[in-house]
Amino acid sequence: QVQVEESGGGLVQAGGSLRLSCTASGRPFSSYGMAWFRQSPGKEREFVAAVTRSAGSPVYADSVKGRFAISRDNAKNTVSLQMNTLKPEDTDIYYCAVSSRIILSSTRYASAYNYWGQGTQVTVSS
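Residues numbered from 1 in each chain as written. Predicted model: local features only at pLDDT ≥ 70, side-chain atom pairs only at ≥ 80, totals over all residues. Heavy atoms only, no water.

Draft legend 1. Broad picture of the overall build of the chain. Helix and strand counts for the chain stand at zero helices and eleven strands. In sequence order, the chain lays out its α and β elements as β-β-β-β-β-β-β-β-β-β-β. Over its C-alpha trace the chain gives a radius of gyration of 14 Å, about what one expects of a compact globule, namely 14 Å for 126 residues. With respect to the three principal axes, the spread of C-alpha positions in the chain is 40 × 30 × 25 Å. For the chain, the accessible surface area stands at approximately 6,500 Å², while carbon and sulfur atoms represent 47% of it. Charge-centre separation for the chain: the mean point of 13 positive side chains lies 7 Å from the mean point of 9 negative side chains. (Helix = DSSP H or I, 4+ residues; strand = E, 2+ residues; numbered from the N terminus. Rg over C-alpha atoms; globule rule 2.2 N^0.38 Å. Areas by Shrake-Rupley, 256 points an atom, 1.4 Å probe, with all protein chains shown as cover. Lys, Arg positive; Asp, Glu negative; His and termini not counted. Charge placed at Lys NZ, Arg CZ, Asp CG, Glu CD.)

Spelled out as structure tokens, the structure:
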């Protein structure tokens, strides 16, 4: 089974930055899509950013455009999320999502991904 692990979460003040990293490991496979979602207990899962292996244009949620940047290393099956100008509303558990198959629907949909990490906590104080 493929395992997905996130790291880099923490506590920062508003206006600060964090960089999240995610690695997919286990049996050999080709990750087509890698993405970040965020969710807190009692709230809906929210799409944050995604990028495909083909190195097409990254996709971002409107709420993070201009502040967050996603990147990936195809050889290492890793994806990172650079988060700048953080706001208290960014506080959440951030999940890394990986798809080992081509995505025909939308990279914004959680259902497009078949492997998920356990999440890393990001807390932004006001």
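Draft legend 2. Summary view of the environment of Val12. With respect to the secondary-structure elements, Val12 resides in strand E2 (residues 10–13). In sequence terms Val12 and Pro88 are 76 residues apart; their C-alpha atoms lie 9.4 Å from each other. Excluding residues that lie within four positions of it along the chain, Val12 makes contacts with Ser17, Leu18, Leu86, Thr123, Val124 and Ser125. (Contact = heavy atoms within 4.5 Å.)

Draft legend 3. Highlighting the state of the cysteines. What the rule picks out here adds up to one disulfide. Two residues, Cys22 and Cys96, share a disulfide whose sulfurs are 2.0 Å apart. In this structure the cystine formed by Cys22 and Cys96 twists about its S-S bond by roughly -80 degrees; its chirality is therefore left-handed. With a gap of 74 residues between them, Cys22 in strand E3 (residues 18–25) and Cys96 in strand E9 (residues 92–99) connect regions that are remote in the sequence. One exposure class covers both Cys22 and Cys96, and it is buried. (Disulfide = S-S within 2.5 Å. Buried < 20%, exposed > 50% of the residue type's maximum accessible area, 1.4 Å probe, protein only.)

Draft legend 4. Structural context of the packing of aromatic side chains. Taken as a whole and judged by the stated rule, the model has four aromatic pairs. For the pair Phe37 and Phe47, a centre-to-centre distance of 5.6 Å together with 75 degrees between the ring planes defines the contact as edge-to-face. Of the two residues, Phe37 sits in strand E4 (residues 33–39) while Phe47 sits in strand E5 (residues 46–52), which places them ten residues apart along the sequence. Neither residue differs from the other here; Phe37 and Phe47 are each classed as buried. The lysine or arginine in question, Arg45, covers the ring of Trp116, its NZ or CZ lying 4.4 Å from the ring centre. (Phe/Tyr/Trp six-rings, centres within 6.5 Å; stacked < 30°, edge-to-face > 60°. Lys NZ or Arg CZ within 6 Å of the ring centre and 35° of its normal.)

Draft legend 5. Here's a closer look at the sheet that holds strand E7 (residues 68–73). Pairing in this open sheet of four strands is antiparallel, and the strands run E1-E3-E8-E7 from one edge to the other. The sheet terminates laterally at strand E1 (3–7) and E7, the two strands that pair on one side only. Adjacent strand axes in the sheet meet at a mean angle of 15 degrees when their direction is disregarded. As paired elements, E7 and strand E8 (residues 78–83) share six bridges and run antiparallel to each other. Bridging across to E8, Ala69 finds its partner in Gln82. (Pairing = 2+ DSSP bridges. Axes fitted to C-alpha atoms, helices over the stretch in contact; angles between N-to-C directions.)

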